Amino acid sequence: MVSSVPFDILADPQAAIQELFNEHIQSQSTTEFSSFLRDRFKEIFGKEERLDLVCVFFLSVYSFIYLMLLFLKIPHLSAAYFTRDQLPSSTSSSNLLSSLPKLVQFRGIVQDTSASPELYLSQLKDGKYGGWGAHDAIDQPVDYSNLRECNRYWVVSVPGESEWVGQAFLEHKASMTPPRSHRNADHKFPLASTSHIGIQANVYSAQSDADMKSTDVVTFVGLFEAECDTLHVIFHFPANTDRKIDRVYPLPLLDTHESDHRTGTLRRELVSWIADESLAGDVHAAEWVLLSTISRVQSRHPPIMPASLTLARFPVPITRTVPAASSSASPVVPGPSTFTSTPTLYHVLSHLMPIITHVPLSLPLLNDGAFVPESKPRPRSESVDEDPEDELYSGILQLAPSTLCFVTDSGVTEGQINDRGVRNLRALQEVIRNQTLEYVFPYSGYRFETDIGCIVCTEGKKSALVETHITVPLEPGDSLSSSEVQQRLYKSSAEINLPPIEKLEAWRKLIGGAMAKQTGSIALVGGIGVSNEAAELIQEEFVQERQRDVKSPLETKTQTITTPDDLIHRMLIAKLIALSSHEPEVSIEVWKQMKDLESRRKARMT
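Keep in mind the model is a prediction, meaning the values are calculated, not measured.

To continue, consider the overall build of the chain. Each helix and strand in the chain was counted, giving 18 helices and 17 strands. Considering the chain as a whole, with its 606 residues, one finds that 50% of them fall into the buried category. Counting only contacts in the chain whose residues sit at least 6 apart along the sequence, the fraction spanning at least 24 positions is 76%. Accessible area for the chain stands at about 30,100 Å²; split by element, carbon and sulfur atoms hold 53% of it.

Further remarks concern the nonpolar core. In terms of nonpolar packing, the biggest core is built from 61 residues, with Ile274, Leu279 and Leu311 touching the most fellow members. The element best represented in this core is helix 17 (residues 564-580), accounting for eight residues. Aside from chain neighbours lying at most four places away, what touches Ile274 is Leu279, Ala286, Val289, Leu345, Val348 and Leu352. Core analysis: the next-biggest nonpolar cluster, separate from the first, contains 23 residues, Leu361, Phe371, Leu428 and Leu437 among them.

Before going further, it helps to examine the pattern of salt bridges. Applying the stated criterion to the full structure yields 19 salt bridges. Arg296 serves as the salt-bridge partner of Asp451, at 3.4 Å between the closest nitrogen and oxygen. A residue pair is termed long-range when its members are at least 10 positions apart, and Asp451 in the loop between strand 13 (444-449) and strand 14 (452-457) and Arg296 in the loop between helix 9 (283-294) and strand 7 (309-312) qualify at 155 residues. Each member of the pair, Asp451 as well as Arg296, carries the same accessibility label: buried. In this structure, Arg423 and Asp419 form a salt bridge, with 3.0 Å as the shortest nitrogen-oxygen distance. Here Asp419 and Arg423 lie together in helix 12 (residues 419-434), a separation of four residues that amounts to about one turn. Given a relative accessible area of 42%, Arg423 falls into the partly exposed group.

Inspection of helix 13 (residues 482-489) places Val485, Gln486 and Leu489 among the buried residues, and these make up the whole buried set. What you see down the axis of helix 13 is that its buried residues fit within an arc of 100°, all on one side.

This next bit is on the sheet that holds strand 8 (residues 356-362). Judged by pairing direction, the sheet is parallel, and its five strands sit side by side in the order 8-11-14-7-15 without closing on themselves. At either end of the open sheet lies a strand with only one pairing partner, and these are strand 8 and strand 15 (470-473). Across this sheet, the average inter-strand angle for adjacent strands is 20°, counted without regard to direction. Two elements, strand 11 (residues 403-411) and strand 14, share six bridges in a ladder whose sense is parallel. In the strand pairing of strand 14, Phe406 is matched with Ile455.

Okay, a negative patch on the surface next. Together, Glu533, Glu536, Glu540 and Glu585 line one region of the surface with negative charge. By residue number, the principal contributor to the negative patch is helix 15 (residues 532-551), which donates three residues. With a relative accessible area of 33%, Glu585 lands in the partly exposed category.

With that settled, the discussion passes to the environment of His232. In this fold, His232 is placed in strand 6 (residues 230-238). Judged by its relative accessible area of 5%, His232 is buried. Along the chain, His232 and Val203 lie 29 residues apart, while their C-alpha atoms are 6.6 Å from each other. Leaving out residues up to four positions away in the same chain, His232 has contacts with Trp132, Gly133, Asn202, Tyr204, Gly222, Leu223 and Glu225. Side-chain polar atoms of His232 contact the backbone nitrogen of Gly133, separated by 3.5 Å.

With that settled, consider the side chain of Ser292. Position of Ser292 relative to the elements: it lies in helix 9. A relative accessible area of 2% places Ser292 in the buried class. Residues contacting Ser292, with those up to four places away along its chain left out, are Ala307, Ser308, Leu309, Cys454 and Ile455.

What follows deals with the confidence of the model for the chain. Averaged over every residue, the pLDDT of the chain is 81; the share at 70 or more is 76%. For residues 48-72, every residue scores under 50 in pLDDT, and the model assigns this stretch 28 contacts once sequence neighbours within four places are set aside. Of the regions scoring below 50 in pLDDT, residues 171-182 engages in 24 contacts with residues more than four places distant in sequence or in other chains.

Once that is clear, we can look at the pairing of strand 3 (residues 147-156). Here strand 1 (residues 102-112) runs beside strand 3; their pairing, made up of three bridges, is antiparallel. Looking at strand 3, one finds that Ile109 is bridged to Val156. Sheet analysis places strand 2 (residues 118-121) next to strand 3, joined by four bridges and oriented antiparallel. Counted as the bridge partner of Leu119 is Glu149 from strand 3.

All right, on to the packing of helix 9 against helix 14 (residues 501-519) then. Running from N to C, helix 9 and helix 14 cross one another at 50°; their axes reach a closest spacing of 9 Å. In this view, helix 9 runs oblique relative to helix 14, as classed from their interaxial angle. On the side of helix 9, the interface is formed by Leu290, Thr293 and Ile294, while helix 14 contributes Ile511, Ala514, Met515 and Gln518. Residue composition of the contact of helix 9 with helix 14, by class: five nonpolar, two polar and no charged.

Each value, and the rule that gives it
- Residues numbered from 1 in each chain as written.
- Predicted model: local features only at pLDDT ≥ 70, side-chain atom pairs only at ≥ 80, totals over all residues.
- Heavy atoms only, no water.
- Helix = DSSP H or I, 4+ residues; strand = E, 2+ residues; numbered from the N terminus.
- Buried < 20%, exposed > 50% of the residue type's maximum accessible area, 1.4 Å probe, protein only.
- Contact = heavy atoms within 4.5 Å.
- Areas by Shrake-Rupley, 256 points an atom, 1.4 Å probe, with all protein chains shown as cover.
- Core = buried A, V, L, I, M, F, W, Y, C linked by side-chain atoms within 4.5 Å.
- Salt bridge = Lys/Arg side-chain N within 4 Å of Asp/Glu carboxyl O.
- Arc of directions from axis to C-beta.
- Pairing = 2+ DSSP bridges.
- Axes fitted to C-alpha atoms, helices over the stretch in contact; angles between N-to-C directions.
- Patch = residues over 30% accessible without salt bridge, like charges linked within 9 Å, V, L, I, M, F, W, Y side chains within 5 Å.
- Lys, Arg positive; Asp, Glu negative; His and termini not counted.
- Charge placed at Lys NZ, Arg CZ, Asp CG, Glu CD.
- Polar contact = N/O pair within 3.5 Å; in protein donor to acceptor, adjacent residues only side chain to side chain.
- pLDDT = per-residue confidence, 0-100.
- Parallel < 35°, antiparallel > 145°, perpendicular 65-115°, else oblique.
- Nonpolar A, V, L, I, M, F, W, Y, C, P; charged D, E, K, R; others polar.

So, in structure tokens, the structure goes:
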């Protein structure tokens, strides 16, 4: 016999909180009620470990399904909670539009942590609990011993999250229009023209949010109060744990003794698909695209940053819409589809990467857009007389960790880049080179760490605006005419030949596991080691090259001198090759693959 407690809580969450509050008062516990409430709700709804235990101890199918439904039963916050125009078919209108707060969950990034804490009464008159949307008219003296603080955060939908990721959580996401916030908070979202949800999250337990910072991806569970766009958080947890299956390394396969062969085949099929669908058949360039997409920050000290990539000699679209230069103080920041022709590579990678954004560089965007977050006064409300407090306006580069930033510069035409444009380019370059982003505050600025991959498409031999770690000239098939190359590089998303969903999911797991291996709490840089045989070979080759440079100084004037930075670059590429194949370490075979890939790339550069 299963308990009906979860269903009772979902039916009337405020009554459940009041019951727990009474229990807490009677127990005379010294623990704060916010912590007590958080722990009890986590026991009922938030322990994902229960699903793992089901697999380990082989509980009954009925119990397994029930335990999964416990967490999934909490509805996801969607646009239906903001508007009367569209409602999920499975949700009662009278229930949604009730003035009582609803128990929901919301997965988003923390956009602003600068709001001042808010005071609330932890206990109201007649023994009622305070906080979490409970209100009471103050018509008697306040017991100041009941005053508590709650921290306030502004949280938005994950910028650039691919549709296939959201489908697992929000069944109605695609059909929903963005909510019209009464606070007019579009300036809080990095991609202003993209549908999104923005809310204020009130966190009542100070102990549970000490490490929460800007751009963290978090799932919040709490009571949503639509009248003020506020989510009263009961508990929260890092959201990347809810996609564990995509973070497995090495990739689990049915036939273990053929796993190496099958993983290698899966990788070759992925590279071939990227080349055929988006790079006019250039398999070599597709190899570098795959390595760049999985690359993450591997070390801060010494700095080993993601392998950013420039695809040079990338033809510009035949027809494009370039907005005229503007000096407007309120520019329209473009989203993923500003140009009429976006490279097909962006659409292809959107099917593979969980988070990807498109930054189509142009003079209006550079001169008028905001690339970095900036603290400014909130827009004045007509209903409030006092001066509004400062809040953080978002920038295009305020993105979640593991985001892939796809940059194109075909929209940059002749004209002048102003001071703001120079600072925007400097911010983009700083993210690529050092993985830090400046947050601008009055009279000061602070740099925060990022972990953003970057692929740049440019028509020239290299980008004139930003510099990346690797440059690979594009070489389409010889049998293709210029018009055919254009058509294949700029197909619409509807024209992409998608593989079966099983194959697509296997590719996503291949990429997700390689990315996760680099970001885990591991001692080895890059997540994998180097075999003893490969280490000896690498050391021997490096010593020989250095000796050659010393003995033949005249020859080296026309050649590139081998430096320790070259060795670091080679090691990075070798480890990315191993990671992309889900290999346990860099072997001699992987090292040879790296040397072959590098030699072919350098041959194209001449």
